[in-house]
Each structure stands twice: as structure tokens, then as C-alpha cells.
Amino acid sequence: MGDLFLVRHGETAWSRNGRHTGSTDVPLTEHGRDEARRLVPLIRSHRIGASFVSPLQRARETAELIGLHEPEVDADLREWDYGDYEGITTPEIQRERPGWFLFTDGVAPGPPEHPGESPEQVGERADRMLAKADAALANTEGCVVLVAHGHFLRVLTARRLGLPPSAGALFQLSTGTLGRLGTEHGRHVIAAWNIRPGA
């Protein structure tokens, strides 16, 4: 089977300011568009068998800018539902909850339209997405590309490696970067991580 490529969308105004951006559909900044364009040579150097993208515009625009043709939109790729922490930075949250850490503590419940997710719930979505990616890898030649969001892709990476969702904390993933998950001797491994060409 081919490898799994993970692309985090380019910068947004909220990601630049450290605001938790789950369901809020903010666009890329011009810098974020440049970040995406710099990934094109890395993407084009591989045969892409299938691609999937989050429904949020920052991910869809990134997919378009890196040259993916008609990726499948999949709601399982959306970002962590931050509940009542949507739009708030970590230091702001920690003023109310000292020592708070997303990957172990989860979020405060939000309104009905975005009630929040626990790390385990995000892990369940990641497992579903990995099953779909594996099905695509088994039925096509080439790699599979997932274009999505930082915290979700970190949890997905942890699950790919057989780790709990909280282990996503170990995998920093900047905006406009690429990660590559492959295999070695039949075991899942990180083949490349947090790659930003020309940076």
C-alpha cells in the first residue's frame, strides 16, 4: 500500500493568534495561501490515488491550492469541536482552569450546535477516517492525502501508531505543513513530519 499524507491547512487569522478554531469557518490569510502553494512540489512528486478534505473552507482552499482534483469532502476530517472554548486561546482558558491541557482534559460544553468533544470522541472519528483511508489505499495505486486541521490530524497520527488520542500532544503540526505516515516491516511509522518547503 501507499503512504498516507497529512496536510494541515494554511494559516488563518485565528490560527496566527492561537485561537481555538473548530467549527468557525474562517478563511486562509494570504500568508496561509502561500504556505499551501509551497507544498505543491511535494504533492506533485508522488502519485496520488485518492484524497479527502474537511468541509471547512480553510481546508478546502488548501486542497485546491496544492492541486488536488475533486477531493472527497468528509465531515470526519473536521477539527476538534472545542465547545465553549471556541475562539479562545490556551492562556485565556488557563486563567480559569490552571494547568488545563486539551489532549487530556478536553473542553467545556458548548451550545447545541457545537457541544464539544472529548479526546476519546475525536479518537473515534480519527479511527473512522483511518478505516476509510485504508480502504482507499487498498483500492488504488499511490498515496492517499488528507487535508484537515492541526489537533485532529495529531490525534489521527496517534491512533495510526496505536497510541491513545491523548498522545496526539506529542506531534506538533504547524500550519501549511505536511506529514507522511508509512510502514516499516509491517508496522505503522512516521516517515516525515511537519515539513514546510522553503521555510
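**Student:** Lay out the sheet that holds strand E6 (residues 187-195) with the relevant residues and their values.
**Tutor:** With mixed pairing, the 6 strands of this open sheet are ordered in space as E3-E2-E4-E1-E5-E6. Two strands bound the open sheet, and with one partner strand each, they are strand E3 (72-73) and E6. Sheet topology note: the strand E1 (residues 4-8)/strand E4 (residues 143-148) ladder contains 5 bridges and is parallel. Looking at E4, one finds that Leu6 is bridged to Leu146. Packing of helix H7 (residues 119-138) onto the sheet brings it into contact with E1, strand E2 (48-53) and E4, and relative to E4 it is tilted by some 150°. Sitting on the sheet, helix H8 (residues 150-160) is in contact with E1, E4, strand E5 (178-184) and E6, with an inclination near 155° to E1.

**Student:** Which residues make up the pattern of salt bridges, and what values do they have?
**Tutor:** Scanning all chains against the criterion turns up 14 salt bridges. Note that Glu30 is salt-bridged to Arg37, the shortest N-O span being 3.5 Å. A relative accessible area of 45% places Glu30 in the partly exposed class. Judged by relative accessible area, Arg37 falls into the partly exposed class, the value being 38%. As a salt-bridge pair, Arg128 and Asp76 come within 2.7 Å of each other at their nearest N and O atoms. Note that Arg128 is positioned in helix H7 and Asp76 in the loop between E3 and helix H5 (90-96), a separation of 52 residues in sequence. A relative accessible area of 42% means that Arg128 is categorised as partly exposed.

**Student:** Help me get a handle on the environment of Pro165, residues and values and all.
**Tutor:** Mapped onto the fold, Pro165 is located in the loop between H8 and E5. The exposure class of Pro165 is buried, given its relative accessible area of 13%. For the pair formed by Pro165 and Glu120, sequence separation is 45 residues and the distance between their alpha carbons is 6.2 Å. Excluding its chain neighbours within four sequence positions, the residues that come into contact with Pro165 are Phe103, Pro119, Glu120, Gly123, Val155, Ala158 and Arg159.

Procedures and definitions
Residues numbered from 1 in each chain as written. Predicted model: local features only at pLDDT ≥ 70, side-chain atom pairs only at ≥ 80, totals over all residues. Heavy atoms only, no water. Pairing = 2+ DSSP bridges. Helix = DSSP H or I, 4+ residues; strand = E, 2+ residues; numbered from the N terminus. Contact = heavy atoms within 4.5 Å. Axes fitted to C-alpha atoms, helices over the stretch in contact; angles between N-to-C directions. Salt bridge = Lys/Arg side-chain N within 4 Å of Asp/Glu carboxyl O. Buried < 20%, exposed > 50% of the residue type's maximum accessible area, 1.4 Å probe, protein only.

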